[in-house]
Amino acid sequence: NRRHHPHFRDMDHPINLNVGRIEGGDWPSSVPAWCTFDVRVALYPGQNIEMAKSEIEAAIRTASRDNRFLANHPPEIVYHGFEAEGYVLTGGEVAEATLGRAHAHAFNGKALEGMASTATTDARFFGLYANIPALVYGPHAESIHGFDERVDLESVRKITQSMTLFIADWCGTAPI
């Protein structure tokens, strides 16, 4: 529940259930005899994957009972693809402070702003399964993974400068 999770409490739509693919029917002139859809479901940090699956399955069973066809032909639920728990970065405070200095330098004194994201990122795998903190940092983007995804080119230039300064400072070759 987002009200109880500090990183998501102020987000209007923190958790997504995205129907990303729909297939159905065998012929354009007949009522489809079958339908398959693939979804992606997000989880809050600390939410158990198996419990989330059980909740989804229960919701589908409940909805199916109210439909005569689905009550007699229950939907089949198949899981495929990767699964990962939600994640909140911890332990990366030193790297984040270094990145903050680099960011402020590249962006003319503007402070680095942290944010919660509902996106899937490889940073979670490093943190959850290898105990390696990882930062996620990049240019200003809009409609990420949407049909009209785009990125601000000036922010790409400044982010590149910031990352270069971060690497030089982190490696001790040119402290900021």
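A. Quick look at the overall build of the protein chain. Scanning the protein chain from N- to C-terminus turns up five helices and four strands. For the protein chain, the sequential pattern of α-helices and β-strands runs β-β-α-α-α-α-β-β-α. Relative to the compact-globule value of 16 Å for 176 residues, the protein chain shows a C-alpha radius of gyration of 22 Å, a clear excess of over 25%. Seen through its principal axes, the protein chain has C-alpha atoms that stretch 70 × 35 × 30 Å. Burial statistics for the protein chain: of 176 residues in total, 20% are counted as buried.

B. Representation of the packing of aromatic side chains. Counting across every chain of the model gives four aromatic pairs. Linked through ring pairs, Phe82, Phe125 and Tyr129 together constitute an aromatic cluster. The ring of tyrosine 79 is capped by lysine 53, whose NZ or CZ atom sits 4.4 Å from the centre of that ring.

C. Representation of helix α5 (residues 153–170) within the structure. Compared with an ideal rise of 1.5 Å per residue, which puts 18 residues at 26 Å, α5 spans 25 Å between its outermost C-alpha atoms and is within 8% of the ideal. Taken residue by residue, α5 has Ser155, Lys158, Ile159, Ser162, Phe166, Ala168 and Asp169 as its buried positions.

D. A look at the environment of leucine 70. Looking at the element boundaries, leucine 70 is found in helix α2 (residues 68–72). Judged by its relative accessible area of 30%, leucine 70 is partly exposed. Put simply, leucine 70 and alanine 141 are 71 residues apart on the chain and 41 Å apart in space, counted from C-alpha to C-alpha. Once residues lying within four places of it in the same chain are set aside, the contact partners of leucine 70 are Ser64 and Pro75.

E. View of a nonpolar patch on the surface. Residues Leu17, Val19, Ile22, Phe37, Val39 and Val41 make up a contiguous nonpolar surface patch of about 550 Å² in total accessible area. Secondary structure elements with two or more residues in the nonpolar patch: β1 (17–24) and β2 (35–41). Structurally, leucine 17 is set in strand β1. For leucine 17, a relative accessible area of 53% translates into the label exposed.

F. The arrangement of the pattern of salt bridges in detail. Counted under the stated rule, the structure contains eight salt bridges. Linking arginine 21 and aspartate 38 is a salt bridge whose minimum nitrogen-to-oxygen distance equals 2.9 Å. In this pair, arginine 21 is assigned in strand β1 and aspartate 38 in strand β2, connecting sequence segments 17 residues apart. Taking relative accessible area as the criterion, arginine 21 reaches 44% and is therefore assigned partly exposed. Ionic contacts of the salt-bridge type, sharing partners, join the residues Arg21, Glu23 and Asp38 into one network.

G. The side chain of serine 162, seen in detail. The residue serine 162 is located in helix α5 in this model. Residue serine 162 is classed as buried on the basis of its relative accessible area of 0%. The residues touching serine 162, leaving out its near neighbours within four places in the chain, are Leu99, Ala102, His103, Ala106 and Tyr137.

About the cut-offs
Residues numbered from 1 in each chain as written. Predicted model: local features only at pLDDT ≥ 70, side-chain atom pairs only at ≥ 80, totals over all residues. Heavy atoms only, no water. Helix = DSSP H or I, 4+ residues; strand = E, 2+ residues; numbered from the N terminus. Rg over C-alpha atoms; globule rule 2.2 N^0.38 Å. Buried < 20%, exposed > 50% of the residue type's maximum accessible area, 1.4 Å probe, protein only. Phe/Tyr/Trp six-rings, centres within 6.5 Å; stacked < 30°, edge-to-face > 60°. Lys NZ or Arg CZ within 6 Å of the ring centre and 35° of its normal. Expected span 1.5 Å × (residues − 1). Contact = heavy atoms within 4.5 Å. Patch = residues over 30% accessible without salt bridge, like charges linked within 9 Å, V, L, I, M, F, W, Y side chains within 5 Å. Areas by Shrake-Rupley, 256 points an atom, 1.4 Å probe, with all protein chains shown as cover. Salt bridge = Lys/Arg side-chain N within 4 Å of Asp/Glu carboxyl O.

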